[in-house]
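A look at the structure
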Amino acid sequence: MARKETITLQMISDTAFAMTREEGFSNVTARKVAAKAGCSTQPIFRVYKNMDELWDAVYRRAAQYFQDYYSLYPRMGKAPFTNLGMAYIAFAREEKHLFELLFVNSAPGRKSMYEILNGGEGNVVYEINLARSAGCKDPGGLFMRMWIFIHGAACMSLTGDYDLTDVETLELLERSCSSFMGTV
């Protein structure tokens, strides 16, 4: 009679993803995942060809996690890019290690920041169209200016140098958008 598998792909994936959220992606090694999952490394390599395959799975899950996070984030802003910016900054503050994996550390074969932000829903395209309908003559230029500002604020939150409240952040984003719209 064959032995029942107790360590599943889902368990390994969940463990590696949880480790990434808690400790950072660089700490996801076969030995550490095995220790957290309560098994040897054998079950990991039974369900994944190698660690690259597991890391790719964690990365894809992190990208989907951001999409889910953004889709559930409350919409408070009226100006283009403010809601996307609020969610992005909050994600950096609340999910530091996932933010670093997706938006700070690059690696071959990974999605660009734009691809992750835009997602399957066309988040950035929606915001660009919103800017265009608000009378912006260069919505792509507005996106670039806003995104440099938003990404800077998000990165500041990683180091603890960003301490504005959500109300202050929304006001700052709306003012910035208004100011930038006058220059593009």
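Here the residue numbers are simple positions, counted from 1 along each chain's written sequence. Under the rules for a predicted model, residues below a pLDDT of 70 receive no local features and side-chain atom pairs below 80 are neither given nor counted, while totals for whole chains, interfaces and linings still include all residues. Side-chain calculation: all heavy atoms of the structure are included, whereas hydrogens and water are not.

1. Structural notes on unusual backbone geometry
Stated precisely, the cut-off is as follows: Where helices and strands are cited, they refer to DSSP runs of H or I of at least four residues and of E of at least two residues respectively, numbered from the N terminus. Residue exposure (1.4 Å probe, protein chains only): buried if accessible area is under 20% of the type maximum, exposed if over 50%, otherwise partly exposed.
In the Ramachandran plot, Phe81 falls in the positive-phi region, its phi being about 70 degrees despite a non-glycine side chain. Structurally, the position occupied by Phe81 is in the loop between helix 4 (51-72) and helix 5 (82-94). Accessibility expressed as a relative area gives 0% for Phe81, which makes it buried.

2. What to know about the pattern of salt bridges
Stated precisely, the cut-off is as follows: We define a salt bridge as a side-chain nitrogen of Lys or Arg found within 4 Å of a carboxyl oxygen belonging to Asp or Glu.
With the rule as written, the count across this model stands at 6 salt bridges. The residue Arg61 makes a salt bridge to Asp14 at a minimum N-O spacing of 2.8 Å. A residue pair is termed long-range when its members are at least 10 positions apart, and Arg61 in helix 4 and Asp14 in helix 1 (residues 9-23) qualify at 47 residues. You can call Asp14 partly exposed: its relative accessible area is 33%. In this structure, the salt-bridge partner of Arg175 is Glu171, at a minimum N-O distance of 3.0 Å. With Arg175 and Glu171 both in helix 10 (residues 166-181) and 4 residues apart, the pair spans about one turn of that helix. Residue class for Glu171 comes out partly exposed when judged on its relative accessible area of 39%.

3. Comments concerning the packing of aromatic side chains
Which entries qualify depends on this criterion: Each Phe, Tyr or Trp ring (for Trp, its six-membered ring) is paired with any other whose centre lies within 6.5 Å, and the angle between the two planes then decides the class: stacked below 30 degrees, edge-to-face above 60, tilted in between. Placement of a positive charge over a ring is assigned whenever Lys NZ or Arg CZ falls within 6 Å of the ring centre and within 35 degrees of the normal to the ring plane.
This structure, assessed with the given rule, holds 15 aromatic pairs. Taking 5.6 Å as the distance between ring centres and 55 degrees as the angle between the ring planes, the aromatic pair formed by Phe17 and Tyr65 counts as tilted. Highlighted residues: Phe17 in helix 1 and Tyr65 in helix 4, separated in sequence by 48 residues. Of the residues examined, Tyr65 reaches a relative accessible area of 26% and is grouped as partly exposed. Between Arg75 and the ring centre of Tyr70, over which it is positioned, the NZ or CZ distance is 4.2 Å.

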